[in-house]
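# Structural features, examined
Chain residues, written in single-letter form:
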Amino acid sequence: MLLLPLFLSALLATPAVLAGNIGAIEIDGSDVTVRFDDLVAGASALLLAGPDRIALDISGAQAGRSPQGTGLVRTVRQGQRDPATARVVLDLDRPALVSDARFAADGRSLSFRLAPVSSDEFARAARAPRLELQPPVRFRAKPPEKRYSVTVPIGRPKAAVALPAIQGPNNPRLPLVVVDAGHGGHDPGAISPHSGKREKDITLALARAIRDDLIASGRVRVALTRSDDRYLVLEERYGIARRLKADLFISVHADAAENQQASGASIYTLSEVASDREAARLAARENKANVINGVDLGAHSSEVSAILLDLTQRETMNVASDFARLLQREAADEVKFRSTAHRFASFIVLKAPDTPSVLFETGFISNEGDAEFLASTDGQKKVARGVRQAVQVHFARQIAAVAQ
Ligand code: ZN
């Protein structure tokens, strides 16, 4: 059973949205010019280290033919990141930053200079958010519709799950956070040996508390993957976040361990290499939620070019790691964390290539104190408060970075 991205806009062609083709990319010494045959909506640039690359996403454009690399640029590649966004990748011969980037007055070209820097400087710059650029307003194509692609499961007997309602301020410009209550339905998750409390009930209560606090902040919109006791396969959970074009995905869980003394929260972000054996075991257990349904969803395949996916996923993983550190910092007053709180593991639920995702193990349901805390209204409010603070700082930072 494979999840293939199916681009609906290709079927429901909307000619008004797609405008320019990338006509030419000219590299002259350290000067780079990207030319368009018509108006485009905007562009953004990001740096990716190891190997060092510059990726340009051009909104409202179609990819064209790439020239040979020269000078600082070893190779040029292009592809369609989604139906309305072309991605140009410059593989660098030596680390270099993008400087003096701007659109021409007629909006028909984007030029910038490559400024060589040290590897350290490049690596530091690669952690910064992307640089956003817009053509002059009179020469700007209408931005593509925000929701231009939908991931449709192929070969799944039932229809894709319905999208949940987006709650909070009715302002589509506000960031959207999708909160995922782990487990549900016939999958109870871990069960407390003391009280018999089930993870699926605790995660749902926590997700609701987090939603309420986030909405009360007025700064973000929120959707829950489930708001009742239902079963969702893992791909449906992050699939909901992707289909809603969420800016952040938080999957809420409560861990279990044989050692009932084990306690404290931890935050996991995606890595193909788990940070330790325990993390690998936990990932195996959480990923099993899919096998319960009798369907092996482990085999991942994608029609998206592996190169483009890799670039996007690295960037997404960086943002997720930043948020994980922030969550630990901001929630530490309210929630007890384990000593190594930020961990890496290969969780299926974190595998959306384009949505920064964290798995928040809020504590050990197998520990009497943790279970009591997580099952209490007061504990749930504390967890929610920590998440809200981290979410606020996270998006405030992103807005500040773009405004620079
Ligand atoms: Zn769980």
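Above this text is the structure in question.
A few points on the structure. (Residues numbered from 1 in each chain as written. Predicted model: local features only at pLDDT ≥ 70, side-chain atom pairs only at ≥ 80, totals over all residues. Heavy atoms only, no water.)

A word on the pairing of strand 10 (residues 96-103). By the bridge criterion, six bridges tie strand 10 to strand 11 (residues 109-116) in an arrangement that is antiparallel. Paired with F103 across the strands is L110, a residue of strand 11. Between the end of strand 10 and the start of strand 11, which pair antiparallel, lie five residues, with G107 showing a positive phi angle near 70 degrees. (Pairing = 2+ DSSP bridges. Helix = DSSP H or I, 4+ residues; strand = E, 2+ residues; numbered from the N terminus.)

Further remarks concern the nonpolar core. In terms of nonpolar packing, the biggest core is built from 39 residues, with V177, V179, I250, F360 and V391 touching the most fellow members. A per-element tally of this core places helix 3 (residues 199-217) first, with seven residues. Ignoring anything within four residues of it in the chain, the contact list for V391 reads V177, L214, V220, L248, I250 and F323. If you look at the next biggest cluster of nonpolar residues, it comprises 32 residues, including V32, V34, I54 and V117. (Core = buried A, V, L, I, M, F, W, Y, C linked by side-chain atoms within 4.5 Å. Buried < 20%, exposed > 50% of the residue type's maximum accessible area, 1.4 Å probe, protein only. Contact = heavy atoms within 4.5 Å.)

With nine of ten residues buried, helix 4 (residues 234-243) is to be regarded as a mostly interior element. Those residues of helix 4 that fall on the buried side of the exposure criterion are L234, E235, E236, R237, Y238, G239, I240, A241 and R243. Taken from the residues just after helix 4, K245 is the one with a positive phi, measuring 60 degrees.

Looking now at the sheet that holds strand 6 (residues 61-62). Taken in spatial order, the five strands of this open sheet run 6-2-3-11-10, and their pairing is mixed. A single partner strand is all that each edge strand has here, and the edge strands are strand 6 and strand 10.

The next subject is the pairing of strand 15 (residues 221-224). Burial along strand 15 is two-sided: R221 and A223 facing one way and V222 and L224 facing the other are all buried. Where strand 14 (residues 176-181) lies against strand 15, four bridges are found, and the strand directions are parallel. Note that in strand 15 the partner of V179 across the bridge is L224. Crossover strand 14 to strand 15 through helix 3 is right-handed. (Right-handed = clockwise from strand over helix to strand, strands pointing away.)

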